[in-house]
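# Secondary and tertiary structure notes
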Amino acid sequence: MTNNNPWKGLESYKYSDAGQFYGRDQELCDLAEIIRQNSFTTIYGISGAGKTSIINAGLCPLLDKEHFLPVYIRLNHGKDRISYDQQIINATENALIKIGGEAEKSHDVDVESEFDQLWLYFHSHTFWTKDNHKIAPVLFIDQFEEIFTKNDDVNDIWSFFNIIDSLQYNMPTERILNLIQANGKSITFGEEANFRVVFSMREDFLPRLEDYCFDIPAMRRNRVGLKSLNGLQAIEVITKPCPGVVTREVALHII
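Summary of the structure given here. (Residues numbered from 1 in each chain as written. Predicted model: local features only at pLDDT ≥ 70, side-chain atom pairs only at ≥ 80, totals over all residues. Heavy atoms only, no water.)

### A few points about the packing of aromatic side chains
The line we're drawing: For Phe, Tyr and Trp, rings pair up if their centres lie within 6.5 Å, where Trp contributes its six-membered ring, and each pair is then called stacked (planes under 30 degrees apart), edge-to-face (over 60) or tilted (otherwise). Each residue is placed in one exposure class: buried if its accessible area under a 1.4 Å probe, protein chains only, is under 20% of its type's maximum, exposed if it is over 50%, and partly exposed if it falls in between. The secondary structure listing takes helices from DSSP runs of H or I that are at least 4 residues long and strands from runs of E that are at least 2 residues long, numbered from the N terminus. Ring-over charges, as used throughout, are those where CZ of Arg or NZ of Lys falls within 6 Å of the ring centre and within 35 degrees of the ring normal.
In total, this model carries 17 aromatic pairs according to the counting rule given. Both rings, one in Phe-144 and one in Phe-148, keep their centres 6.5 Å apart while their planes meet at 70°; by these two values the pair is edge-to-face. Residue Phe-144 shares its accessibility class with Phe-148, and that shared class is buried. Ring centres of Phe-144 and Phe-199 lie 4.7 Å apart, and the angle between their planes is 50°; on these two criteria the pair is classed as tilted. Of this pair, Phe-144 sits in the loop between β5 (136-141) and α5 (146-149) while Phe-199 sits in strand β6 (residues 196-202); the two residues are 55 residues apart in sequence, bridging distant segments of the chain. Phe-199 shares its class with Phe-144; the two are buried. Ring pairs connect the aromatic residues Tyr-84, Phe-144, Phe-148, Trp-158, Phe-160, Phe-161, Phe-199, Phe-205 and Tyr-212, which therefore count as one cluster. Above the ring of Tyr-84, the side-chain terminus of Arg-81 is found at 3.9 Å from the ring centroid.

Structure (structure tokens):
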């Protein structure tokens, strides 16, 4: 297959393929609206349903046109990796660098506990484009089920979910409040969340997800199932990339 082939076959669509991404208009519209309105969203579906493609070639280009900064993340679960929260922070910083933006720090609070690093990063920074427009990072954590399949350290997994647990609230954790008081500081954190988190995972791992987030309301709401393409959507995928090349009759035969 040549690099300019508009039909991807079994390959996932990338950001650069947005102009050739068809068949998911309604799902894109629904998902984008859910993400706009909620801090946490979980997209699930069977393997091969197209979750990665709809993120990279659909949601990222769409939200990129608004006041959002799409950040695609595939967490590293190796034993020599850096912490999950630092991976997310690094991915956000790299995405800002690519657009010439910056993260402006509004509060100076240093904590040693990794449970608070991610909360402080988002609640102590304002994110800007190079043209000085506020922007909200959207963290697309793809193939999230790998935290169960590639990490056998249960305590490590629990630690990450504790981080997510604290991230869902706009109020600082007790550790942060104690540290602020100990240093005699007076800090007011903004109440509006300046980020979004989107988990994408295989639906057969939803029970495992429930085991860890049964008391994390943010991860139990806004779950959206992505189904495989139906017949009409498949026809769009086949016929729209090069109009006139493949007839509807041939498309039906291919399907």
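### Points about the pairing of strand β1 (residues 40-45)
Stated formally: Strand pairing is assigned whenever DSSP detects at least two bridges linking the two strands.
Most of β1 sits out of view: five of its six residues are buried. With six bridges joining them, β1 and β6 adopt parallel strand pairing. Bridge pairing in β6 links Gly-45 to Arg-202. One ladder, built from three bridges, connects β1 with strand β7 (residues 223-225); its direction is parallel. Considered in β7, the bridge of Thr-42 is made with Arg-223.

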